[in-house]
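# Structural overview for review
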Amino acid sequence: MAIGTDLPENCDRRSAPDPAFDGTAWVVQWVTVCPGGLAGGTIAIPGLDATQTDVLVRFELASDKSATQRLTPGLPSFVIPADPGFFEILRSYFALGVDHILEGLDHLLFVFALLLLIREKWKLVGAVTAFTIAHSITMAISTLGVFTLPGPPVEAVIALSIMFLASELLQRNNDEDRLTEKFPWIVSFSFGLLHGFGFAGALAEIGLPDDDVPLALLSFNLGVEAGQLLFIACILVTAALLKMFMPALIRAMRTPGHIGSTSVAYGIGSLSAFWFVERIAGF
């Protein structure tokens, strides 16, 4: 079932016309007049409840304030607020940040490779903290327009960063720690700067409220961190359970040179190589 659009009842053209294909996507554009403005009206996406996708609705009010609302199959409509407040912006962009990191398989694979590579608890904490600080810095300076990088090359190099960690996993040994294992925070901070530009690109596509950019940026970043910590917690809990019931599997994945750890490293490297080629082809 195709999804549609229902605008507030005071709009003279509530539903979208037939879409047109522009060569890359199906696009719908139309003009409607809504006497009295949008505030208090309901925007709905008919058919969304029968899908497995989300919809981002960006709207501007008469007060010149803009905001973004995420609609899901479980929540296919919403009432437009008269003036998006502090907590509404915080909730909306926090949820968008959590969704983005949990749906960003490349970012999660990078974190997963770090978890496999770093065997000491405090070094892992340092590496994750450095990654967080780094991508927070570049996401902020890119979102605020201080310095930006084009999206496609950034996404391609992010894939290369995962390939680098896969290579480190293959080359590690029990006799001596590699530089990445000795100083993991340096590697995670360096690549975290790069991943921050990727997060900023996603945030730019979502859009920011004109009068609350710092709050939306902070909320989105907190959401990214919450999603990242949730992912790490799930991996650590899963590893703890496997260690209890399948200790041989955990040893195989953690032992350098073992077919288990080698297979995982090749799997990570192959997937990231596929992403790199795909993204290069899309330039």
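Above this text is the structure in question.
In this report, the structure presented in the accompanying data block is examined. (Residues numbered from 1 in each chain as written. Predicted model: local features only at pLDDT ≥ 70, side-chain atom pairs only at ≥ 80, totals over all residues. Heavy atoms only, no water.)

On to the packing of helix 4 (residues 151–171) against helix 9 (residues 259–281), then. Two numbers describe a pair of packed helices, the interaxial angle and the distance between the axes. In contact at an axis separation of 8 Å, helix 4 and helix 9 are set at 160° when each is read in the N-to-C sense. Between helix 4 and helix 9, the angle falls in the class roughly antiparallel. Once helix 4 is placed against helix 9, the crossing between them reads as left-handed. Judged by residue contacts, Glu 155, Ala 156, Ile 158, Ala 159, Leu 160, Ile 162, Met 163, Ala 166, Leu 169 and Leu 170 of helix 4 engage Thr 262, Ala 265, Tyr 266, Ile 268, Gly 269, Ser 272, Ala 273, Trp 275, Phe 276, Arg 279 and Ile 280 from helix 9. (Axes fitted to C-alpha atoms, helices over the stretch in contact; angles between N-to-C directions. Helix = DSSP H or I, 4+ residues; strand = E, 2+ residues; numbered from the N terminus. Parallel < 35°, antiparallel > 145°, perpendicular 65-115°, else oblique. Left-handed = near helix turned anticlockwise from the far one by under 90°. Contact = heavy atoms within 4.5 Å.)

What follows deals with the packing of aromatic side chains. Scanning the entire structure with this criterion turns up 6 aromatic pairs. Taken together, a centroid distance of 5.7 Å and an interplanar angle of 35° make the contact between Phe 59 and Phe 78 tilted. Separated by 19 residues along the polypeptide, Phe 59 in strand 4 (residues 55–60) and Phe 78 in strand 6 (residues 77–79) bring together distant segments of the chain. Phe 78 matches Phe 59 in its accessibility class, with the two residues each being buried. The structure contains a cluster of three or more aromatic residues connected by ring pairs, namely Phe 110, Phe 131, Phe 164 and Phe 191. (Phe/Tyr/Trp six-rings, centres within 6.5 Å; stacked < 30°, edge-to-face > 60°. Buried < 20%, exposed > 50% of the residue type's maximum accessible area, 1.4 Å probe, protein only.)

Side chains Val 55, Val 57 and Phe 59 project from strand 4 onto a buried face, and the interleaved Leu 56, Arg 58 and Glu 60 project onto a face without burial. Two elements, strand 4 and strand 5 (residues 66–71), share 6 bridges in a ladder whose sense is antiparallel. Among the inter-strand pairings, Glu 60 is bridged to a residue of strand 5, identified as Ser 66. (Pairing = 2+ DSSP bridges.)

Moving on, we get to the state of the cysteines. Simply put, disulfide is the name for a covalent bond between the sulfur atoms of two cysteines. This model, assessed by the stated rule, comprises 1 disulfide. A sulfur-sulfur separation of 1.9 Å characterises the disulfide bridge that pairs Cys 11 with Cys 34. Its torsion about the S-S bond being 100°, the disulfide of Cys 11 and Cys 34 is classed as right-handed. With a gap of 23 residues between them, Cys 11 in the segment before strand 1 (20–21) and Cys 34 in the loop between strand 2 (26–27) and strand 3 (42–44) connect regions that are remote in the sequence. Residue classification places Cys 11 among the buried residues on the basis of a relative accessible area of 5%. The class of Cys 34 is buried, set by a relative accessible area of 18%. (Disulfide = S-S within 2.5 Å.)

A separate point is the side chain of Asn 221. Topologically, Asn 221 is positioned in helix 7 (residues 213–245). The exposure class of Asn 221 is buried, given its relative accessible area of 14%. Excluding residues within four positions of it along the chain, Asn 221 makes contact with His 135, Ser 136 and Met 139.

Right, let's talk about helix 8 (residues 247–254) for a bit. Every buried residue of helix 8 is listed here: Ile 250, Ala 252 and Met 253. Buried residues of helix 8 fall within an arc of 160° about the axis and therefore sit on the same side. Where helix 8 is buried, its residues contact helix 2 (105–117), helix 7 and helix 9. (Arc of directions from axis to C-beta.)

Glancing now at the environment of Phe 191. Considering the arrangement of structural elements, one finds Phe 191 in helix 6 (residues 184–206). When the C-alpha positions of Phe 191 and Ala 248 are compared, they lie 32 Å apart, and in sequence the two are 57 residues distant. Setting aside residues up to four positions removed in sequence, Phe 191 forms contacts with Phe 110, Phe 131, Ser 161 and Phe 164.

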